Amino acid sequence: LLRKLYQQELTLNFNKKNMKKSIILFSLVLTLFTSCSDDLLVENPQTFISSGAFYKTEGDFNAALIGIYASVRSIAAERSLRDLLSENSDLPESAESTLAIWKNNPTPSMWDMRYGWGIPYSIINNSNLILRGLETAEIPQSAKNEIEGEAKFLRAYAYFQLVQLFGDVPLRISPAVTLSETSL
């Protein structure tokens with residue numbers, strides 16, 4: 001009886017080992033044959049919309065303007081950069097910026113400086129994208145005039161903020177669409 005139980009147990013263990021090997025081998029073969037297709041590296045983005053394909057209707061332009069207004073709100077709420085540049089700030093944003101703040105020598109690596117430079121230029125670029133999209137848009141002329149006025153105002157407001165903080169700044173009147181065009 002013990003011998004029969006022992007043989008049955010050996011048979012079960014042997015079957016389990018064979019089953020594991022079979023599953024692993026089947027998975028490996030399946031992976032090898034299904035993962036080697038020609039279009040493996042071709043990407044089809046599901047959530048990306050280029051600016052060329054976005055600006056079609058008046059609603060698209062208004063949605064883009066609303067997005068810019070959200071960035072304008074964050075500029076208006078930002079006071080720490082003005083405090084930093086006016087010597088009213090003695091609260092460093094991180095340990096490595098303490099000495100620079102106390103010496104009144106802010107560096108481009110400080111968050112407030114990057115924020116104060118980057119957000120307005122983002123507004124400028126988005127405004128320029130809207131203005132470029134208006135050139136080929138098939139919407140009523142009155143809507144075009146209104147959207148163009150808002151986009152130009154938002155671009156001018158962003159420049160006003162930049163000039164107040166940094167003095168002379170590079171002027172961008174066309175959108176930066178490639179990486180090389182983003183460097184100032």
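Everything discussed here concerns the structure shown above.
Below, the structure is looked at part by part. (Residues numbered from 1 in each chain as written. Predicted model: local features only at pLDDT ≥ 70, side-chain atom pairs only at ≥ 80, totals over all residues. Heavy atoms only, no water.)

### Here we look at the packing of aromatic side chains
Then, in step 1: Using the criterion set out here, one finds 6 aromatic pairs in the structure.
Then, in step 2: With a centroid separation of 5.1 Å and an interplanar angle of 80°, the aromatic rings of Phe-54 and Tyr-55 are classed as edge-to-face.
Then, in step 3: Take Phe-54: its relative accessible area is 26%, and that puts it in the partly exposed class.
Then, in step 4: Between the aromatic rings of Tyr-121 and Tyr-159, the centroid separation amounts to 6.2 Å while the plane-to-plane angle is 85°, which identifies the pairing as edge-to-face. Of the two residues, Tyr-121 is situated in helix 6 (residues 111–136) and Tyr-159 in helix 7 (residues 141–166); the sequence distance between them amounts to 38 residues. Each member of the pair, Tyr-121 as well as Tyr-159, carries the same accessibility label: buried.
Then, in step 5: Taken together, Trp-117, Tyr-121, Tyr-159 and Phe-166 form an aromatic cluster joined through their ring pairs. (Phe/Tyr/Trp six-rings, centres within 6.5 Å; stacked < 30°, edge-to-face > 60°. Buried < 20%, exposed > 50% of the residue type's maximum accessible area, 1.4 Å probe, protein only. Helix = DSSP H or I, 4+ residues; strand = E, 2+ residues; numbered from the N terminus.)

### Quick word on helix 7
Think of an α-helix as turning once every 3.6 residues; residues three or four places apart then point the same way.
Then, in step 1: Taking 1.5 Å as the rise per residue, helix 7 with 26 residues should run 38 Å; its terminal C-alpha atoms sit 37 Å apart, in good agreement.
Then, in step 2: Residues Ala-143, Lys-144, Ile-147, Ala-151, Leu-154, Arg-155, Ala-158, Tyr-159, Gln-161, Leu-162 and Leu-165 constitute the buried set of helix 7.
Then, in step 3: Note on helix 7: the residue one or two positions beyond its end, Gly-167, has a positive phi of about 80°. (Expected span 1.5 Å × (residues − 1).)

By themselves, these are just geometric observations and shouldn't be taken as functional.
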